[in-house]
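Commentary on secondary and tertiary structure
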Amino acid sequence: MAMAAAPTLPIYHGLRAAAPAKQPAPAKLTAHSHCRLALPLRARASSSSSRPLRHVAANAVATKEAVSTSSSTQGGHELLMFEALREGLGEEMERDPNVCVIGEDVGDYGGSYKVTKGFTEKFGSWRVLDTPIAENSFTGMAIGAAMTGLRPVVEGMNMGFLLLAYNQIANNCGMLHYTSGGQFTIPIVIRGPGGVGRQLGAEHSQRLESYFQSVPGLQMVACSTPYNAKGLMKAAIRCENPVILYEHVLLYNLKERIPDEEYTCCLEEAEMVRPGSDITILTYSRMRYHVTQAAKTLVDRGYDPEIIDIRSLKPFDMYTIGESIKKTHRVLIVEECMRTGGIGASLRSAIMETFWDELDGPIGCLSSQDVPTPYSGPLEELTVVQPPQIVAAVENLCGKK
Amino acid sequence: MAVRQALRRAGGRLLATQGAMAPAALGVAGRGLSTSAEPITLEIPVPFKGHNVEPPSRTVETSAQELTEFFRTMFVMRRMEIAADSLYKSKFIRGFCHLYDGQEAVCVGMEAALNDKDCIITAYRDHCTHLGRGGTVLEVFAELMGRKDGCSLGKGGSMHMYNKKGGFYGGNGIVGAQTPLGAGLAFAQKYLKVEGVTLAMYGDGAANQGQLFEAMNISALWDLPVLYVCENNHYGMGTAEWRSAKSPEYYKRGDYVPGLKVDGMDCLAVKQAVKFAKEYALKNGPMVLEMDTYRYHGHSMSDPGSTYRTRDEISGVRQERDPIERIRKLLLSHEIATVAELKTIEKEAKKEVEDALAKAKESPSPDSEELFSHIYRKSYGAQAYGADRKEVVVTLP
C-alpha cells in the first residue's frame, strides 16, 4: 500500500504502487447471495499488472528522498540471497532498537547460513541472542517478549526444528491477539531455511508451510530471490502480525543485483515472474526455478506460460491469481510441499471455489511425493517435482501444440 | 479495579470496584475498625525452606490497613469463585472452569509485594490473578459467560483472561507454555531496562514440563529477572504429586536456580517471600518459589475433587489452614476489627459480587462480526466468510 509520505520511507516496489489502495469502511453484517469474491477490495492496479516487478521502480510512487535520478535498473549492487537477508535484517535492526534476533548460533558464530554474520559486533550480544538448543522455550520467550512490544526475529536453524515449538507458534503466537480480545499483538518474525536440500535426510528436509498454514493469526511468506528476500524480511519485521518467513536451503547462494535504495515488498502480494497467455503456473520458493527452467522448453515448443510466484502463502493473493486465471483459464500449481495437506491443496481448493467459472479444465497440481525424503540422490530427485514433469503437465493441460 | 493499588497504598482509600460499594464502610461506624498504617510486626508461623539461598526472616511488617485489605480482597475472590461454581452448574458458564478458592493467599500476598512495573503470567486458574492485577469482577463474570463486556470481549473464556494495563499476560490453556513466555517477559524487562520482575506461575502438574527447565536454563544463563512461582496444590488434576514427580520438592528442582518453599496459605509469608525474591531477581537472576497451597474445588468443575483425595483432607485443610480464617483471627486478636465489623465487610463484598453478577448477566453476546476481528492486527481489506459464504460476510479492517 502506498504509504503517506514520511521522511524515511522506502520506495514501495509493488504492483499496487500505481494505484494507492483505498480501504473500504468496515462493513456491517450483510447477506450476499453471490460470494465468489474473496478478493481484496482495493482499487484495481490499472495496466501495471503484467509488468515484471523489478522494473516497476521507474513508475512507482517514489517518495521524496528515495531516488535521485537513477532507478533500480541502473546501479544497485550484486549480492547473494543470504547477504540480502542480512542486509534487510541489519537495516531494520538499525532503524528500530526493539528488533532483536534470537536463535541458535546466531551471535558469535554468525548464523549457520551466515545471515547474522557480524551482527554481534555491531549490535551487541543483548540484541543478537545465542540460545541453547531449546526451540520450544526460546520461541516462547520471543513471543512473551513480543507481547511487551519488542520485535524479535526468531531463527530456526532449520525450519524442521521449529516443530518442537509448534505449540508455542500455534497456540500462543497465532492466537494471543484473538483470545486477549485485541489487547496484545505479537509482532514476531519466525524465519529459517526449510525445504528439500541436497541429501540432507528426511528430518532436515521438512516443509513446514503445510503444517502451519491452518493456524489462524499467522501470516506466511516465502522468499525466492535476493530482491524479494530483503524486501520481505523488512516488511515482515515491520508488520504487526506474526509472520513466518520461509527461506530455502538451496537458494542461499543465488546472486542478483538489487537496488541501493531502501525498499520493502508487500507481504500479501504475489510476484509476476513471466507474463503469458496460455496457462497460469503458480509456484513459490525453489520450485520457481524449476518452473522457469521448464518454461524455456515450453516456449520452444510454442507455449506461452504465465508464471506467478505466489510469495504470500497465507493469505493467498487471490487478486493477482484471479486476474491471471481470467486471462489464461488454465492453472497448474507447482509446489514442494507434499501432496497431502500442502499449500497446493489449499490453493487448489481456494481457486476452484472462487474462479470455477473461469476455468477451462481441472487445476493441475504437482507436489512432492508423500514420503519422507530419502537420503539417496536419485530417490530424492524422484521425490521432488522436476522440470520435465512440469513440461508434461502443461502439455497435458493445454493440449499438444 | 485497584485491588493492587489498594494493597499498596498507605492511605485509607478503599477498593474502588465496580458495583455498588458503600464508600466509607471500613470506617463507617467510626469506632473499632482500625485502618491505620501503623506497622504491626508479626511472626510467620511456618518457616521458609531455602535451596541454595538463605531464606528471609520470619518477621514481617504489616499494618491494620493492609490486613483488612487482605481480608476484603480474599473474601471478594472467594465469593466470586463460589458464584462461578453456581453459574457453571446453571449452565451460564460452559466448557472448562478452574476455580481458585483456597489459593487466594498466593495472588493477594504477591500483589502486596509487587508494583505496576512487574508482570504476571499464569496458567488457566486465573480468575483471581486477573482480579489482583486490576481486573474487575464484572469483567471476570462477563468473560466466563462469554459476553461482550468480558476482559477478552467474550472470545477468550475462563482460561484466557488478560489485562495489558495491569501487566497481566494471561491466562494460558496449555500448561507449561507460559513459563517460556514469562522468561520472554523478563527478557523484555531487562532489554528495555524496566526495574521490574516477571512472575511466571505454574502448578505442580506443569512442574514436569521440559520447557520449564529450558526456560530456567536460559533465564539463569542470561540473568533474567524472573520468578518461577510453583503453586503446589498437591494434585495435578487427579494425580497426586508423589505419583507424578520423582522429586516433589519443587523448590529444589531448579538445581542451579535457588529456591524457596513458602506456606502458600499465609498472605504474609507470601508477601515476605515475593519481596525477598524480587530483590534477589533484580540483581541476580531467576529464583523458584514453591507456594504450598491447596484448592478446595476439584481441578475443574467437571471434577468432583473427591475421587483422589478424602473429604476429611479437604475439610481438615479448610479448618486449619484457610487463608481467610487466618487473617480473620489476626484481625480479631489484634483488635483491628470486631466480629460485627467483619460481618459488615463480608456483606458488602457479597453485595459487590452479586451486583457484578447481575450486570454481567445483562451483558449481550458479542456480535457475529467479532468472529473475524482480532485475527490479524492490520489486515488488507479482504472479505471473510462464514461457512456457507452467504450469511456472515465481513470486511476485515
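Residues numbered from 1 in each chain as written. Chains lettered and ligands numbered in written order. Predicted model: local features only at pLDDT ≥ 70, side-chain atom pairs only at ≥ 80, totals over all residues. Heavy atoms only, no water.

Focus: the domain arrangement of chain A
Residues and elements named next belong to chain A. Under the domain assignment used here, chain A contains domain 1 (70-258) and domain 2 (271-398). Each side of the interface is counted separately: domain 1 has 31 residues, and domain 2 has 27 residues. Between domain 1 and domain 2, roughly 2300 Å² of surface is buried when both sides are summed, and carbon and sulfur atoms account for 53% of that area. Interface area lost by domain 1 to domain 2 is led by Gln199, Arg207 and Gln213, which between them contribute 28%. Remark: the boundary between domain 1 and domain 2 carries zero salt bridges. Linking domain 1 with domain 2 are 21 residue pairs in polar contact (both at pLDDT 80 or more). Where the side of domain 1 that touches domain 2 is concerned, the elements lending two or more residues are helix H6 (209-212), strand S7 (219-222), helix H7 (226-238) and strand S8 (243-248). Ranked by residue count, the leading element in the side of domain 1 that touches domain 2 is S7, at four residues. Along the lines of polarity and charge, the residues of the side of domain 1 that touches domain 2 split into 15 nonpolar, 13 polar and three charged. (Domains from an automatic or database assignment. Contact = heavy atoms within 4.5 Å. Buried area = accessible area lost by both parts, 1.4 Å probe. Salt bridge = Lys/Arg side-chain N within 4 Å of Asp/Glu carboxyl O. Polar contact = N/O pair within 3.5 Å; in protein donor to acceptor, adjacent residues only side chain to side chain. Helix = DSSP H or I, 4+ residues; strand = E, 2+ residues; numbered from the N terminus. Nonpolar A, V, L, I, M, F, W, Y, C, P; charged D, E, K, R; others polar.)

Observations concerning the pattern of salt bridges
Residue and element names in this part refer to chain B. Summed over the entire model, instances satisfying the criterion amount to 39 salt bridges over all chains. Among the ionic pairs, Glu370 bridges to Lys155, the shortest N-O distance being 3.7 Å. Within this pair, whereas Glu370 is found in the loop between helix H12 (339-362) and strand S11 (383-385), its partner Lys155 is found in the loop between helix H5 (137-144) and helix H6 (178-191), the two being separated by 215 residues in sequence. Assessed through its relative accessible area of 24%, Glu370 is described here as partly exposed. Among the salt bridges present, the one from Asp263 reaches Arg321, with a minimum N-O distance of 3.1 Å. Note that Asp263 is positioned in strand S9 (residues 259-263) and Arg321 in helix H10 (residues 311-321), a separation of 58 residues in sequence. A residue is classified by how much of its surface remains accessible, and Asp263, at 6% relative accessible area, is buried. (Buried < 20%, exposed > 50% of the residue type's maximum accessible area, 1.4 Å probe, protein only.)

Points about the environment of B:Lys350
Residues and elements named next belong to chain B. By the element assignment, Lys350 lies in helix H12. The exposure class of Lys350 is partly exposed, given its relative accessible area of 33%. In sequence terms Lys350 and Arg78 are 272 residues apart; their C-alpha atoms lie 9.6 Å from each other. Contacts of Lys350, omitting those with residues within four sequence positions, involve Phe75 and Arg79.

A word on a negative patch on the surface
All names here are of chain A. Together, Asp105, Asp108, Glu121 and Asp130 make up a negatively charged patch on the protein surface. Looking at where Asp108 falls in the secondary structure, it is placed in the loop between strand S3 (99-103) and helix H2 (119-123). Looking at Asp108, the relative accessible area reads 70%, which means it is exposed. (Patch = residues over 30% accessible without salt bridge, like charges linked within 9 Å, V, L, I, M, F, W, Y side chains within 5 Å. Areas by Shrake-Rupley, 256 points an atom, 1.4 Å probe, with all protein chains shown as cover. Lys, Arg positive; Asp, Glu negative; His and termini not counted. Charge placed at Lys NZ, Arg CZ, Asp CG, Glu CD.)

Observations concerning the pairing of strand S9 (residues 255-258) of chain A
All names here are of chain A. Alternating positions in S9 separate cleanly, Glu256 and Ile258 being buried on one face and Lys255 and Arg257 remaining unburied on the opposite face. Taken together, the four bridges between strand S2 (residues 77-80) and S9 define a ladder with antiparallel strand orientation. Counterpart to Glu78 in the pairing with S9 is Arg257. (Pairing = 2+ DSSP bridges.)

Structural notes on the packing of helix H2 (residues 64-89) of chain B against H5(B)
Residue and element names in this part refer to chain B. Where H2 contacts H5, the two axes come as close as 11 Å, and the packing angle between them is 20°. Overall, the two elements H2 and H5 adopt an arrangement that is roughly parallel. H2 and H5 meet at a crossing whose hand is right-handed. Across from Val76, Met80, Ala83, Ala84 and Leu87 in H2, the residues of H5 making contact are Val137, Val140, Phe141 and Leu144. Along the lines of polarity and charge, the residues of the contact of H2 with H5 split into nine nonpolar, no polar and no charged. (Axes fitted to C-alpha atoms, helices over the stretch in contact; angles between N-to-C directions. Parallel < 35°, antiparallel > 145°, perpendicular 65-115°, else oblique. Left-handed = near helix turned anticlockwise from the far one by under 90°.)

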